[in-house]
Amino acid sequence: MEKDEQESLSTLPNSVNENIGTIAEYYERNERKVTRAQAFIEKMSVFLGSPGYVAANVVFIVCWIILNLAAPGLGFEQFDEPPFFWLQGFVSLNAFIISTTVLIRQNRMSKLAEHNAHLDLQISLLSEEKTSKIIAMLEDIRRDSPNLPDRVDAEAEELSHSADTSTVLEAIERDHEQDRAHKY
């Protein structure tokens, strides 16, 4: 880690530094789970998806076509006459390799994204419970404090109760089904 990065981290609160460390460990654990074959395929996928690789393919294809069309004029025989059967084969093989490596990489990234979404949902639910508890505690303090007016706050009362996640999910599913029914 560079000196500037260390200085900027030292100015952050400890809880933030701990969270950054936890996230770094999380990503490190996920990277350690990657097999050598998976790592090789992902590196290959990154290379095959690069602008340089696309440009090299275009140059190769153009050169192949030009050489084959100009071959008789240059004094040698065409090695792949139009409609360029061999070129089509190479391009098809290239497309197969690219699509397969991309799909393999996408599958792992999709699983990781699904895991991250699940973690986000759990943290959101925990945060909602904590917020509800804080509101309930503040309402208790307000009711018990002689310096504050004792009044009923219906919104605070409602928010002080944690949401029933099953009921919320059922309502979302019902709403989603109604939207789909209206579309068709």
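Details of the structure are given in the entry above.
Residues numbered from 1 in each chain as written. Predicted model: local features only at pLDDT ≥ 70, side-chain atom pairs only at ≥ 80, totals over all residues. Heavy atoms only, no water.

Draft legend 1. Up close: a nonpolar patch on the surface. Nonpolar side chains collect at one region of the surface, where Val54, Val58, Val62 and Ile66 lie side by side and expose about 340 Å² of accessible area between them. Topologically, Ile66 is positioned in helix α4 (residues 51-74). (Patch = residues over 30% accessible without salt bridge, like charges linked within 9 Å, V, L, I, M, F, W, Y side chains within 5 Å. Areas by Shrake-Rupley, 256 points an atom, 1.4 Å probe, with all protein chains shown as cover. Salt bridge = Lys/Arg side-chain N within 4 Å of Asp/Glu carboxyl O. Helix = DSSP H or I, 4+ residues; strand = E, 2+ residues; numbered from the N terminus.)

Draft legend 2. Local environment of the packing of aromatic side chains. Here the structure, examined in full by the defined rule, presents six aromatic pairs. Consider the rings of Phe60 and Trp64, whose centres lie 5.6 Å apart with planes at 50°: the pair is tilted. Taken together, the residues Phe60 and Trp64, both in helix α4 and four residues apart, mark about one turn of the helix. Exposure remark for Trp64: the relative accessible area of 12% places this residue in the buried category. (Phe/Tyr/Trp six-rings, centres within 6.5 Å; stacked < 30°, edge-to-face > 60°. Buried < 20%, exposed > 50% of the residue type's maximum accessible area, 1.4 Å probe, protein only.)

Draft legend 3. Molecular detail of the environment of Leu87. Among the structural elements, Leu87 can be located in helix α5 (residues 85-144). Sequence spacing of Leu87 and Gln122 is 35 residues, and the spatial spacing of their C-alpha atoms is 52 Å. For Leu87, the residues in contact, after removing those within four places along its chain, are Phe60, Ile61, Trp64, Ile65 and Asp80. (Contact = heavy atoms within 4.5 Å.)

Draft legend 4. Here's a closer look at α4. The terminal C-alpha atoms of α4, which comprises 24 residues, lie 32 Å apart, in line with the 34 Å expected from a rise of 1.5 Å per residue. Residue Asn68 marks the point of greatest curvature in α4, where the axis turns by about 35°; the proline Pro72 follows within four residues. Where α4 is concerned, the buried positions are Tyr53, Asn57, Trp64, Asn68 and Ala71. The secondary structure elements touched by the buried residues of α4 are α3 (36-48) and α5. Taken from the residues just after α4, Gly75 is the one with a positive phi, measuring 90°. (Expected span 1.5 Å × (residues − 1). Bend = angle between axes of the 7 residues up to and from the residue.)

Everything listed here is a matter of geometry and, on its own, says nothing about what the molecule does.
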